[in-house]
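# Working through the structure, step by step
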Amino acid sequence: GIVSVYKLQSGEKFSEALCSKIKKNTTFAVCGAKISSGFYEIIEKILDTKNVKIKILEEDAVLKFAGIALSDKANELYEVPDEISGKSAALKIGKIQSKLKQDEIVLLSKLEDVAHTTNLRGNYIENSSCFKSYLLVGKENSTLFTNDKAENTSAYEVKKLGDFKKILSEKVKNHKIIYEKNSVNLEIFNLIKNNGKCLSAND
């Protein structure tokens with residue numbers, strides 16, 4: 001068959017099992033948009049000992065092979081009432097902003113974090129109420145990037161997902177981008193690494 005199932009043994013790490021299947025002195029390709037910068041860092045160290053070169057793909061080879069096109073459909077979102085969420089999006093974003101310097105921007109790329117912070121939910125991702133998005137929180141203003149149906153609020157401005165990388169590339173020139181390495185994909189990490197600040201467990 002095309003796919004073989006490998007069952008991890010007790011205590012075996014996924015990264016080590018993956019790298020054990022890659023032969024020495026070869027090239028291993030990864031999709032930059034589908035691997036976190038944290039996981040890339042782990043496998044890079046392991047594969048370096050096997051003299052394996054890593055090639056970063058700009059497109060998803062699996063989707064291309066399967067002939068699957070990504071949808072940019074505008075799905076319906078709904079807002080969780082403050083009495084259920086506990087705090088409004090404005091209060092949550094305001095709390096983040098209160099800890100920022102003028103030249104700092106927080107990047108939220110984990111869908112659960114964006115949904116929690118904005119109090120918005122979607123029902124189109126299987127087994128999840130999150131929605132496809134990024135959130136940039138600056139000292140004075142914030143921007144939610146999504147193709148779904150969302151409106152500007154006092155807490156954030158809404159822009160299309162297609163604008164995200166271009167705007168982030170501009171912001172990183174004059175701002176330090178604060179990110180979490182296990183949720184930021186490698187493609188985004190490479191845009192911000194020269195002026196980024198990785199969140200630690202104590203931040």
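Details of the structure are given in the entry above.
Quick look at the structure, then. (Residues numbered from 1 in each chain as written. Predicted model: local features only at pLDDT ≥ 70, side-chain atom pairs only at ≥ 80, totals over all residues. Heavy atoms only, no water.)

## Looking at the overall build of the protein chain
Summing up its helical and strand segments, the protein chain has eight helices and 10 strands in all. Taking the principal axes of its C-alpha atoms as reference, the protein chain extends roughly 55 × 35 × 35 Å. Residue burial in the protein chain is summarised as follows: out of 203 residues, 35% are buried. A separation threshold of at least 6 residues defines the contact pool for the protein chain, and within that pool the share at least 24 residues apart is 61%. Only carbon and sulfur atoms are counted for the fraction: they give 50% of the accessible area of the protein chain, which is about 13200 Å². (Helix = DSSP H or I, 4+ residues; strand = E, 2+ residues; numbered from the N terminus. Buried < 20%, exposed > 50% of the residue type's maximum accessible area, 1.4 Å probe, protein only. Contact = heavy atoms within 4.5 Å. Areas by Shrake-Rupley, 256 points an atom, 1.4 Å probe, with all protein chains shown as cover.)

## A word on the side chain of Arg121
As for its placement among the helices and strands, Arg121 is situated in strand 5 (residues 120-122). Of the side chains bearing the opposite charge, Glu79 lies closest to the buried Arg121, which forms no salt bridge; the N-O distance is 9.2 Å. A distance of 2.7 Å separates a polar atom in the side chain of Arg121 from the backbone oxygen of Ala115. Look past the residues within four positions of Arg121 in its chain and what remains in contact with it is Glu76, Leu77, Tyr78, Val80, Ala115, His116, Ser129 and Phe131. (Lys, Arg positive; Asp, Glu negative; His and termini not counted. Salt bridge = Lys/Arg side-chain N within 4 Å of Asp/Glu carboxyl O. Polar contact = N/O pair within 3.5 Å; in protein donor to acceptor, adjacent residues only side chain to side chain.)

## Section: the packing of helix 5 (residues 89-97) against helix 6 (residues 111-118)
Packing of helix 5 against helix 6 brings their axes to within 7 Å, and their N-to-C directions diverge by 115°. Facing Ala89, Lys92, Ile93 and Ile96 of helix 5, the residues of helix 6 in contact are His116, Thr117 and Thr118. Here the contact of helix 5 with helix 6 is composed, by residue class, of three nonpolar, three polar and one charged. (Axes fitted to C-alpha atoms, helices over the stretch in contact; angles between N-to-C directions. Nonpolar A, V, L, I, M, F, W, Y, C, P; charged D, E, K, R; others polar.)

## Considerations on the sheet that holds strand 6 (residues 134-138)
Taken together, the six strands give an open sheet; going across it, the order is 8-7-6-4-9-10, and neighbouring strands pair in mixed fashion. Looking at which strands have only one partner, the edges of the open sheet turn out to be strand 8 (157-159) and strand 10 (196-198). Averaged over all neighbouring strand pairs, the angle between strand axes comes to 25°, with direction disregarded. In this structure, strand 7 (residues 142-145) lies alongside strand 8, joined through three bridges in parallel fashion. Bridge pairing in strand 8 places Phe145 opposite Lys159. The strands touched by helix 6 are strand 4 (104-108), strand 6 and strand 7; relative to strand 6, the strand with the most contacts, the crossing angle is about 60°. Of the strands in this sheet, strand 4, strand 6, strand 7, strand 8 and strand 9 (176-179) touch helix 7 (residues 164-171), which is tilted by about 25° from strand 6. (Pairing = 2+ DSSP bridges.)

## Things to note about the pairing of strand 1 (residues 27-31)
As judged from the five bridges shared by strand 1 and strand 2 (residues 53-57), these two strands associate in the parallel manner. Bridge assignment links Cys31 to a residue of strand 2, and that residue is Leu57. Running through helix 2 (residues 37-48), the crossover from strand 1 to the neighbouring parallel element strand 2 is right-handed. (Right-handed = clockwise from strand over helix to strand, strands pointing away.)

## A look at a nonpolar patch on the surface
A cluster of nonpolar side chains, contributed by Tyr6, Leu8 and Phe14, occupies part of the molecular surface with about 310 Å² of accessible area. Looking at where Leu8 falls in the secondary structure, it is placed in the segment before helix 1 (14-20). (Patch = residues over 30% accessible without salt bridge, like charges linked within 9 Å, V, L, I, M, F, W, Y side chains within 5 Å.)

## Some thoughts on the packing of aromatic side chains
Applying the stated criterion across every chain, the model contains four aromatic pairs. Seen from their ring centres, Phe14 and Phe39 are 5.6 Å apart, and the 25° between their planes marks the pair as stacked. Pair noted here: Phe14 is in helix 1 and Phe39 is in helix 2, with a separation of 25 residues, a long-range link. Here Phe39 falls in the partly exposed class, since its relative accessible area comes to 22%. Joined through ring pairs, the aromatic side chains of Tyr134, Phe145 and Phe164 make up one cluster. (Phe/Tyr/Trp six-rings, centres within 6.5 Å; stacked < 30°, edge-to-face > 60°.)

## With respect to the nonpolar core
Counting residues in each nonpolar core, the largest one holds 18 residues, and the members touching the most others are Phe131, Leu144 and Tyr156. Contributions of two or more residues to this core are made by helix 5, strand 4, helix 6 and strand 6. By size, the runner-up hydrophobic cluster in this structure holds 13 residues, among which are Leu107, Tyr134, Val172 and Ile177. (Core = buried A, V, L, I, M, F, W, Y, C linked by side-chain atoms within 4.5 Å.)

## Things to note about the pattern of salt bridges
Taken as a whole and assessed by the stated rule, the structure comprises seven salt bridges. The closest approach of N and O atoms between Glu76 and Lys149, which form a salt bridge, is 3.0 Å. Here Glu76, found in the loop between helix 3 (61-66) and strand 3 (77-79), pairs with Lys149, found in the loop between strand 7 and strand 8; they are 73 residues apart in sequence, far enough to count as distant. Residue classification places Glu76 among the exposed residues on the basis of a relative accessible area of 54%. In this structure Lys149 comes out as partly exposed when scored by relative accessible area, which is 46%.

No statement about biological role is implied by the geometric values presented.
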